[in-house]
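Report on the structure
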Amino acid sequence: MRSLPLADPGTPPTSGPSALLWWLARRQWGILLVAVLLGVTMFACQAFTPYIVGRAVDDGLSHGFGPELWRACGTLLALGLVVIVTSAIGHRYDIANWLRASFTASQLVGRTVSRSGHAITAELPTGEVVSAVANDALRIGEVYAHAAHFLGSLVAYGVVAALMLRVSVPLGLVVILGLPTVAAALGLLVKPLQRKQAAQREASGRLTTLGADTVSGLRILRGIGGESVFTGRYREQSQTTRRRGVEVAQTQSVLDALQVLLPGMFVVVLIWMGAHLAQAGTLTPGQLVSTYGFAAFLAWPVQNATMMLQATSRAHIGAGKVVKVLRVVPSTGATPAAADAPEPGVRLVDEVSGLVVKPGRVLALVSADPDESARIATRLGRFDDDAERETPVRLGGVLLSDLDKDDVRSRIVVAEATPQLFSGPLGGELDVRGTASRDDLLRVIATADAHDVLDSVPDGLAGELPEKGRSLSGGQRQRVALARALLIDPEILVLVEPTSAVDAHTEARIAVRLTEARRGRTTVLVTASPLVLDHVDEVAFLQDGVVVARGRHEDLLDDVAYRAVVGRLMDEEVMAR
Amino acid sequence: MKLPIADTATVRAYAAVLMRRHRRPLIGIVVLHTLAATAGLAGPLILGLLVNAVTTGTTTTYINTLVLVGVAAVLTQTVVMRFAQRTSMVFGEEVFAELREEFIEAVTALPLSTVERAGTGDLVARTTNDVNKLQHAVRFGVPRVIVAVVTIVLTVVVCLVIAPLVALAMFVGVPSLLLVTRWYLKRATPGYRRESAAYATLNGTITESVEGARTVDALRLGPRRLARVDADLAEAFAAEKYTLRLRTILFPGIDATFVLAPAAVLLWGGYLASQDLVTVGAVTAIVLYCYQVTGPVWELIFWIDEIQVAAVSLARIVGVQLVDPDREPRDGTPADETIAARDVTYAYREGHNVLHGIDLDLAVGERLAVVGPSGAGKSTLGRMLAGIHPPARGSVAVGGVPLIDLPLRDLRGHVALVTQEHHVFVGSVADNLRLAQVDAPPEALERALRAVDAWDWVQAMPDGLATEVGSGGAPLTPAQAQQIALARLVLLDPHTLVLDEATSLLDPRAARHLERSLSAVLEGRTVVAIAHRLHTAHDADRVAVVDDGRIVEIGAHDDLVAAGGDYAALWHSWQHE
């Protein structure tokens, strides 16, 4: 089996679900073809088995123990051997088909997600994107896994019909026409069942949400009470879910009963006709046995056909959802660069606010409205070409949006206020470029005052961080993220509220080390903390989105408006002085 | 600390108790399915008789009678099947509902210290994934296993009754069937668990990428995230390949049994028939039974597999019920509302003391601020003061009674803890508040919300207090969620409150405003505020500086500043003086 995932999943059409399904089929036509050939062989052999059993009854049993019986048994074993081999190898090919298609779909979603920027969350709920991989990709694969059995079943149906027609035209006709009728009748009954199953699933989904909600807030519940309210709520929904389940059981049991009744009656009718033909001498006893065998066997191809129908419709829905993800256009860099990159060591200018970031300086950005300064800092990093059209930012005179996106990202790094950590070994997650030495790592950890993280993660740098670094406290996560940003060491580093979640002691230490570490490197810090402002080269003070003052922190403190913002005292106290 | 997982013996005992509790419906189900399966055995038997009759010559009446018996059998099986299936599915629903409700009850009764330390991730996983995995096995698996076992046993019995000598041949493949199944089942559970773990990791990776889309974009982590997706897929592929290998052995092993059996019966039966020891019809019937029993055997193996996997989930679910209580309520009524900590020592890990013999007395109505560097043990001290963890040594008492001797209900009335953890429960804003006071009138809710500066935005929501919030409802910012948590505390109204960074998610000015309105409402209450913002300390009656698990300085703000220690140094740099 070819190893997965493929190095290159290719570029799929995003015109619609059917186009995607065809594209996938074409990419794996070779293994699909082998699977189908194996499936057809297996089913054809299976279809022949009742015929041989019938022959054995006639030739062997009726005419005594002799070479005919040996031959019949030998044929049965030979057919059986082919079935065993084709079924085992066929299963491997079915799984290969399934995995190839669904892994390709997952890879494509993964590719989109890692390039899209925030466009993905803006356009689709997280759950839907995750579900594209967790469910839809697997549903897509199913259709390719069922293909062989489905086509094999069709062939088997044809074989049985031909064999029956040879024995007796009326019996053959009953099989050819009767079986699809039975299948259709059962198919009609599936609809109401599916409705009730959907209702049950919905109730059960709500129950899961309720359970997860209760447990997520368990610390709060245990701390202040209210457990009984919640268990009561859960119990109620649990009972609703049970009732929905009982409703499913009502319908399902009727369907189960009909699955006994309809095929059962079909067999009885065949036997009745066959027995009379046998009595009249037009049918041998062995052929009567074959007839019974065929009727029993055919239930299987019919089941396969139904499954294929369901799988196809599920795959189509799944492909639709995957296509929806694949259509997401990245929020930046969707179009190629229009200008050459300027030399290093040039100014970065935000035109609307008048903010000028001079090379080699550590600059702090202060505003009465912390969101405002964060917004300006963020657009220095170019995160959304559409939204930022009105607020041009220039690097060395060139519009950021005209530059090559990767180039912008490698020169300017913006670490936002709530950066996310990812699961993985701590050292690896800090060193996102994969170039740092152990000393580099320890150095940035020291700068970010994150030593305690090394102690709280078992095995230190080699230790695993869980999803989103959840095992760390808020302050620890912030410091790890700060260390990560420092380690990238870009030409221009923009840090938004890098110390908002740490205590004053720690903040004081970080302020000294951080400004020292970035001394001489272009740095923008968004913060209103005097502990940090005290150490920066320069402060730009914003009011109503415009830079109104620039200077050293201690000089700006004379400005009442500035003092009101950065002062640890509230306005009224400043006034009272 | 990890939550326990039940061992095999405990899980078996638990399952046995469940079964015993439902003995009556279980017996009913077995009886009904036995009836249905018996009726289902008529087909081959009737065919055998017909073959005998046709071979030796017969009458139309005889044939019609036999066919009528067949019709009766199908009808009987249909009707009984309907009731058997309904009863067993309803049974499955009932048992499963009971199981999940018992589980949630156990979860919400977990000791405070366990909830604080185990983290929510594991518990949420048990509530959602494990409960859902179990669902399939309990709702469908248990009934299906009963049906399969009953059918297999009856088929064998009938064959032995018809012609014991011939029937011996049908067991020819059984030893190899048992061997290969045993081989497979031993390896299957870890194999399938590895598969689901691999897919869970993949889903986690995608979730992280989507939720951290901004960070991925900002730090140019796209290629890393992509490599992660591919690595997860490669692991999923390896896991799939392993189980595929298992099935590549299992499938032929079982198929071989069902190829060998009918051929052996034919040959051996043919010999016996030639000796006139059995009739051709009897041999025919047993050959057909060999084919007919294939389905139930496959189904049994499939479900044993599923149930094995589900048993692992059950072990995790039962495990929650094994947590011992961390305290035993004792007699004793607090004499007053003073809190006194004596020689409080605590270690999360043996030998790593986080607190080293802390002594602290809180006067009634006092406001104490706790400051200190990260990892100094501030939060641990807070938990001790709130009675969450029993101290390793020493005690925390209210009015002379140790906190951990108080029944939980009373404890909450004395001391409550609010952390920076913000969880909004599914339900209305009012529901979220009433956790603390089930019958609180709307005026009380308004007062509580006003106390935390939240009344304005709550009123501005679409349905005010009745607005649905939490997962799926109106989104609240982390700061708003924190306000709700504090409002809840106001409603609970204990005489002592421990606030652990309870306003850290608000911006500094809003936080300070909130703290002031809150303190107006909490007049006369004892408040311990763990804070990283120095203004909180400035506003408090006393400040305790915690470092390395000890209180290194304690006193009024002005006194500490005058004393010129650590705190003073920090305050000066904050003040910029």
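Not measured: the values here are computed from a predicted model. (Residues numbered from 1 in each chain as written. Chains lettered and ligands numbered in written order. Predicted model: local features only at pLDDT ≥ 70, side-chain atom pairs only at ≥ 80, totals over all residues.)

A count of helical and extended segments in chain B gives 22 helices and 12 strands. Relative to its length of 577 residues, chain B is extended, with a C-alpha radius of gyration of 35 Å against a globular reference of 25 Å. Burial statistics for chain B: of 577 residues in total, 51% are counted as buried. (Helix = DSSP H or I, 4+ residues; strand = E, 2+ residues; numbered from the N terminus. Rg over C-alpha atoms; globule rule 2.2 N^0.38 Å. Buried ≥ 20, exposed ≤ 12 C-beta atoms within 10 Å, placed from the backbone.)

As a further point, take unusual backbone geometry. Omega for the bond connecting Leu-4 of chain A with Pro-5 of chain A falls within 30 degrees of zero, at -5 degrees, which places this linkage in the cis form. Positionally, Pro-5 of chain A belongs in the segment before helix H1 (17-27). Its identity is not glycine, yet Asp-453 of chain B carries a phi of approximately 60 degrees, on the positive side. Assessed through the 20 C-beta atoms surrounding it within 10 Å, Asp-453 of chain B is described here as buried. One non-glycine residue, Asp-548 of chain B, lies in the positive phi region at around 50 degrees. Checked against the element boundaries, Asp-548 of chain B lands in the loop between strand S11 (542-547) and strand S12 (550-555).

A separate point is the sheet that holds strand S1 (residues 348-350) of chain A. The pairing of strands in a sheet comes from backbone hydrogen bonds and takes either a parallel or an antiparallel form. Residue and element names in this part refer to chain A. One open sheet holds the 4 strands; their spatial order is S2-S1-S4-S5, and the pairing between them is antiparallel. Each of the sheet's edge strands pairs with one partner strand only, and the pair in question is strand S2 (355-357) and strand S5 (398-399). Sheet analysis places S1 next to S2, joined by 3 bridges and oriented antiparallel. Bridge assignment links Leu-348 to a residue of S2, and that residue is Val-357. (Pairing = 2+ DSSP bridges.)

Let us now look at the interface of chain B and chain A. In this complex, chain B contributes 126 residues to the contact, which on the side of chain A involves 133 residues. In terms of residue count, helix H10 (residues 222-274) of chain B provides more of the side of chain B that touches chain A than any other element does, 27 residues in total. Across the side of chain B that touches chain A, the residue classes tally to 62 nonpolar, 38 polar and 26 charged. (Contact = placed C-beta atoms within 7 Å. Nonpolar A, V, L, I, M, F, W, Y, C, P; charged D, E, K, R; others polar.)

On to the nonpolar core. Leu-365 and Val-494 of chain A together with Val-166, Val-265, Val-283 and Ile-286 of chain B are the most contacted members of the largest nonpolar core, which totals 355 residues. Two domains each provide a minimum of three residues to this core, namely domain 1 (17-199 + 256-326) and domain 2 (348-576) of chain A. Ignoring sequence-local partners within four residues, the contact set of Val-494 of chain A consists of Ala-377, Leu-380, Gly-381, Ile-412, Val-413, Val-414 and Val-524 of chain A. (Core = buried A, V, L, I, M, F, W, Y, C linked by C-beta atoms within 7 Å. Domains from an automatic or database assignment.)

Below, the discussion takes up the domain arrangement of chain A. According to the domain assignment, chain A consists of domain 1 (17-199 + 256-326) and domain 2 (348-576). Computed over C-alpha atoms, the centres of domain 1 of chain A and domain 2 of chain A are 61 Å apart.

Attention now goes to the pairing of strand S6 (residues 412-415) of chain A. Residues and elements named next belong to chain A. Here S6 shows no split at all, with Ile-412 and Val-414 on one side and Val-413 and Ala-415 on the other all buried. With 4 bridges connecting them, S6 and strand S9 (residues 492-496) associate as parallel partners. In the sheet register, Ile-412 faces S9, and the bridge partner there is Ile-492.

The next thing to look at is the environment of Glu-516 of chain A. Residue and element names in this part refer to chain A. Relative to the elements of secondary structure, Glu-516 occurs in helix H16 (residues 504-517). Look at Glu-516 and you get exposed, because 11 C-beta atoms sit within 10 Å. Spatially, the C-alpha atom of Glu-516 lies 9.1 Å from that of Val-536, the residues being 20 residues apart in sequence.

Here the focus is the sheet that holds S12 of chain B. Residue and element names in this part refer to chain B. Reading across the sheet, the 6 strands line up as S6-S9-S10-S3-S11-S12 and stay open at both edges, with mixed pairing between neighbours. Looking along the sheet, the strands with just one partner apiece sit at the ends: strand S6 (415-418) and S12. For this sheet, the mean inter-axis angle between neighbouring strands, taken without regard to orientation, is 15 degrees. Here 5 bridges tie strand S9 (residues 496-500) to strand S10 (residues 526-530), and the two strands are oriented parallel to one another. Across the sheet, Thr-496 pairs through a bridge with Thr-526, a residue of S10. Helix-sheet contacts for helix H13 (residues 378-385) involve strand S3 (367-371), S6, S9, S10 and S11, and the interaxial angle to S10 is about 155 degrees. In the packing of helix H18 (residues 478-492) onto the sheet, contacts are made with S6 and S9, and the angle to S6 comes to roughly 175 degrees. (Axes fitted to C-alpha atoms, helices over the stretch in contact; angles between N-to-C directions.)

Here helix H15 (residues 474-488) of chain A contains 15 residues, and its C-alpha end-to-end distance of 22 Å stays within 8% of the 21 Å for a straight helix at 1.5 Å per residue. Asp-489 of chain A occupies a position one or two residues after H15 of chain A and carries a positive phi of about 50 degrees. (Expected span 1.5 Å × (residues − 1).)

Take the environment of Gly-387 of chain B next. All names here are of chain B. The residue Gly-387 is located in the loop between H13 and strand S4 (393-398) in this model. Taking the C-alpha atoms as reference points, Gly-387 and Leu-417, 30 residues apart in sequence, are found 9.0 Å from one another. Each residue touching Gly-387, except ones within four places of it in the same chain, is listed here: Val-396, Leu-403, Ile-404, Leu-411 and Val-415.

Take the pairing of strand S12 (residues 546-551) of chain A next. Residues and elements named next belong to chain A. Direction of pairing for strand S11 (residues 538-543) relative to S12: antiparallel, over a ladder of 5 bridges. Bridge pairing in S12 places Ala-540 opposite Arg-550. The antiparallel pairing of S11 with S12 creates a hairpin that spans 2 residues between the two strands, and Asp-544 there sits at a positive phi of about 50 degrees.

Moving on, we get to the confidence of the model for chain A. All names here are of chain A. In the predicted model, chain A carries a mean pLDDT of 89, and 98% of its residues have values of at least 70. Ranking the elements of chain A by mean pLDDT puts helix H20 (residues 571-576) last, at 40, and H1 first, at 96. Counted against residues more than four places away or in other chains, residues 569-577, with its pLDDT under 50, gives 7 contacts. (pLDDT = per-residue confidence, 0-100.)

Residue and element names in this part refer to chain A. At a closest axis distance of 7 Å, the pairing of helix H2 (residues 29-61) and helix H5 (residues 126-167) adopts a crossing angle of 35 degrees. Considering how the two elements wind past one another, H2 and H5 form a crossing that is right-handed. Residues belonging to the contact of H2 with H5 are distributed by class as follows: 20 nonpolar, 5 polar and no charged. (Left-handed = near helix turned anticlockwise from the far one by under 90°.)

Here we take up the packing of helix H6 (residues 169-216) of chain A against helix H9 (residues 285-326) of chain A. All names here are of chain A. Packing of H6 against H9 leaves a shortest axis separation of 10 Å and a crossing angle of 40 degrees. Between H6 and H9, the crossing angle belongs to the class labelled oblique. In the packing of H6 onto H9, the handedness of the crossing is right-handed. Contacts between H6 and H9 involve Leu-171, Val-175, Leu-179, Ala-183 and Gly-187 from the first element and Thr-291, Phe-294, Leu-298, Val-302, Ala-305 and Thr-306 from the second. Here the residues of the contact of H6 with H9 sort into 8 nonpolar, 3 polar and no charged. (Parallel < 35°, antiparallel > 145°, perpendicular 65-115°, else oblique.)

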